[in-house]
Amino acid sequence: MTGHAVNRAFKRMVSRTPAFDAKEATSHGLRASVPADLAAQGYSPAEIMVITEDWKSTTMVEKYAKAGLRRAGKDKLGRAQQALDALVVQPPPNPTGSTV
């Protein structure tokens, strides 16, 4: 079965399920979403490889894990997060030294 045939079969199944949008669903999403969701729950790429019994290296797991962390708002290393952190303005020091 080709990848295209798997995707078509998956879309047919999803179209019968009211909770899913068949237009947006892809069979690749099944494979990619698992490591993303596990990473968002705090699992490391190595743990994800063991849990899923998939992937030959952590390279792709790390890619999907990073996406999952970003979606969960837990990606503290991304460029967008770094830019937001740079915008934080520290209050000026109190010249009198009081801790009011």
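All residue numbers refer to position in the chain's written sequence, counted from 1. The model is predicted, so local features are restricted to residues of pLDDT at least 70 and side-chain atom pairs to those at 80 or more, both for listing and for counting; the totals for chains, interfaces and linings are taken over all residues. Each side-chain value is derived from all of the structure's non-hydrogen atoms; neither hydrogens nor water enter the calculation.

With reference to specific residues and values, describe the overall build of the protein.
Under the DSSP-based scheme used, a helix requires at least four consecutive residues in state H or I and a strand at least two consecutive residues in state E, with every element numbered from the N terminus. Looking only at helices and strands, one finds five helices and zero strands in the protein. Element order for the protein, N to C, with α for helix and β for strand: α-α-α-α-α. Residue exposure (1.4 Å probe, protein chains only): buried if accessible area is under 20% of the type maximum, exposed if over 50%, otherwise partly exposed. When each of the 100 residues of the protein is scored for burial, the buried share is 21%. Total accessible area on the protein stands at roughly 7900 Å², and carbon and sulfur atoms take up 60% of it. Values of accessible area rely on a 1.4 Å probe in the Shrake-Rupley scheme; residue burial ignores everything except the protein chains shown.

Tell me about the packing of aromatic side chains, and name the residues and values.
Ring pairs are drawn from Phe, Tyr and Trp, using the six-membered ring of Trp, whenever the two centres fall within 6.5 Å, and their geometry is named by plane angle: stacked under 30 degrees, edge-to-face over 60, tilted for the rest. With the rule as written, the count across this model stands at one aromatic pair. Pairing W55 with Y64 gives two aromatic rings, centres 5.6 Å apart and planes at 55°, and the pair type is tilted. The exposure classification of W55 matches that of Y64, with both residues buried.

Now, about helix α2 (residues 27-40): what can you tell me, with residues and values included?
One less than the residue count of a helix, multiplied by 1.5 Å, gives the span that helix is expected to have. Its 14 residues place the ends of α2 21 Å apart at the C-alpha level, agreeing with the 20 Å of an ideal helix rising 1.5 Å per residue. The angle between axes fitted to the seven residues ending at a residue and the seven residues starting there is what we call the bend at that residue. Its axis deflected by about 30° at S33, α2 carries its strongest bend there, up to four residues before the proline P35. When we look at burial in α2, the residues that qualify are S27, A32, P35, A36, L38, A39 and A40. Positive phi shows up at G42, right after α2, with a value of about 105°.

Go over helix α1 (residues 3-15), please, and point to the residues and values.
With 13 residues, α1 should reach 18 Å at 1.5 Å per residue; the first-to-last C-alpha distance of 18 Å fits that figure. Every buried residue of α1 is listed here: A5, N7, F10 and V14. Elements that come into contact with the buried residues of α1 comprise α2. What makes two residues a contact is simply this: any of their non-hydrogen atoms within 4.5 Å.

How would you sum up the environment of D21? Please name residues and give values.
Its location among the elements puts D21 in the loop between α1 and α2. It is 9.0 Å that separates the C-alpha atoms of D21 and K11, two residues lying ten residues apart in sequence.

How would you summarise the nonpolar core if you had to cite specific residues and measurements?
Nonpolar cores were defined as sets of buried Ala, Val, Leu, Ile, Met, Phe, Trp, Tyr and Cys residues, with membership established by side-chain atoms within 4.5 Å. Listed in full, the nine residues of the largest apolar core are A32, L38, A39, I48, M49, W55, V61, Y64 and A65. Contact partners of W55, with chain neighbours within four places excluded, come to R31, P35, M49, M60, V61 and Y64.

Tell me about the confidence of the model for the protein, residues and numbers included.
Model confidence for the protein is summarised by a mean pLDDT of 76, while 75% of its residues fall at 70 or above. A score from 0 to 100, pLDDT tells how confident the predictor is in each residue. The least confident element of the protein, judged by mean pLDDT, is helix α5 (residues 79-86) at 60; the most confident is helix α3 (residues 45-52) at 88.

Just give me the short version of the environment of F10, but keep the residues and values in it.
Inspection of the secondary structure assignment puts F10 in helix α1. Of the residues examined, F10 reaches a relative accessible area of 12% and is grouped as buried. For the pair F10 and H28, spaced 18 residues apart in sequence, the C-alpha separation works out to 9.8 Å. When near neighbours in sequence (up to four residues on either side) are disregarded, F10 contacts A25, T26, S27 and L30.

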